[in-house]
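Residues per chain are reported as follows:
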Amino acid sequence: MPPPHLPAHTLRTARLDLLPLRVEHAGDMAEVLSDPELHTFIGGTPATPEALRSRYERLVTGSPDPAVVWCNWVLRLREEECLVGTVQATVTGEVAEIAWVVGTPWQGRGFAGEAARGLVGRLGEEPGVRTVVAHVHPDHRASAAVATAAGLAPTDRYQDGEVRWELPLRR
């Protein structure tokens, strides 16, 4: 089955605009993701604006595998007119794997759950996407709450020490 066509357009939720990722977002996002504590569960260390720019250049170019679609958005909080995080989906065949991250100053306000629900809703419009998955560290209660808010449920399967969460969209 060919990968879905997920056009790069803005998605809107109650408080957020999910803007298609652009290389120009790297400077602002380096600041949003600058807290070392943020990387406890996602790994790595905060990226410099230059390193993030290089990463974003690769992401916006798209997957080198034509069977895989990379979909990346930055989260813009409309009320404060600032970027607060990211949400992404990697679509391979009938499966869309999603992930999210919200900068430390904006955590605890439900933005990750709101963005993940918006993304899952958009993925649900794709006839080729049958399952949404996420991988959550077993000790990361906040991410488990986001996965739950997006409609995913934990499975008994693990990948790289993280629990696989799933949401079947259609059979």
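Residues numbered from 1 in each chain as written. Predicted model: local features only at pLDDT ≥ 70, side-chain atom pairs only at ≥ 80, totals over all residues. Heavy atoms only, no water.

Participant: What should I look at first to understand the sheet that holds strand 2 (residues 16–20) in this one?
Facilitator: Note: strands within a sheet are paired through backbone hydrogen bonds, in either parallel or antiparallel orientation. Overall, mixed pairing links the 8 strands, which are arranged 1-2-3-4-5-6-8-7 in an open sheet. If you trace the sheet from one side to the other, it starts and ends with strand 1 (11–12) and strand 7 (153–159), each paired once. Of the pairings in the sheet, the one linking strand 2 to strand 3 (residues 68–77) comprises 5 bridges and is antiparallel in character. From the neighbouring strand, Asp17 faces strand 3, where its bridge partner is Arg76. Together, strand 1, strand 2, strand 3, strand 4 (82–92), strand 5 (95–102), strand 6 (131–136) and strand 8 (162–168) form the strand contacts of helix 4 (residues 111–123), whose direction differs from that of strand 5 by roughly 160°. (Pairing = 2+ DSSP bridges. Helix = DSSP H or I, 4+ residues; strand = E, 2+ residues; numbered from the N terminus. Contact = heavy atoms within 4.5 Å. Axes fitted to C-alpha atoms, helices over the stretch in contact; angles between N-to-C directions.)

Participant: Any chance you could explain the nonpolar core here in plain terms?
Facilitator: Most often, soluble globular proteins have nonpolar side chains that are buried together. The biggest cluster of nonpolar side chains holds 51 residues, and the ones touching the most others in it are Ile98, Trp100, Leu123 and Leu152. Here this core gets 7 residues from one element, more than from any other, and that element is helix 4. Apart from the residues within four sequence positions on either side, Ile98 is in contact with Gln88, Ala89, Leu119, Val120, Leu123, Val132, Val133, Ala134 and Leu152. (Core = buried A, V, L, I, M, F, W, Y, C linked by side-chain atoms within 4.5 Å. Buried < 20%, exposed > 50% of the residue type's maximum accessible area, 1.4 Å probe, protein only.)

Participant: Where do I start with helix 4 in this structure?
Facilitator: In an α-helix there are 3.6 residues to a turn, and that puts residues three or four apart on one side. Between the first and last C-alpha of helix 4 there are 18 Å, a value that for 13 residues agrees with the 18 Å anticipated at 1.5 Å per step. Among the residues making up helix 4, those that are buried are Phe111, Ala112, Gly113, Glu114, Ala115, Ala116, Leu119, Val120, Arg122 and Leu123. (Expected span 1.5 Å × (residues − 1).)

Participant: Got a minute to help me understand the environment of Arg141 in this structure?
Facilitator: Here Arg141 is to be found in helix 5 (residues 141–149). With 31 residues separating them along the chain, Arg141 and Gly110 place their C-alpha atoms 13 Å apart.

Participant: Got a minute to help me understand the confidence of the model for the protein in this structure?
Facilitator: Low-confidence regions, as indicated by low pLDDT, have predicted coordinates that should not be scrutinised in detail. Of the residues in the protein, 95% reach a pLDDT of 70 or more, and the chain-wide mean stands at 93. The secondary structure element of the protein with the lowest average pLDDT is helix 2 (residues 39–42), at 83, and the one with the highest is strand 6, at 98. (pLDDT = per-residue confidence, 0-100.)

Participant: Whenever I open this one, the pairing of strand 7 confuses me. Can you help?
Facilitator: Walk down a regular strand and you will see the side chains alternate between the two sheet faces. Bridge analysis of strand 7 against strand 8 gives 4 bridges, and the strand direction is antiparallel. Bridge assignment links Ala153 to a residue of strand 8, and that residue is Glu166.

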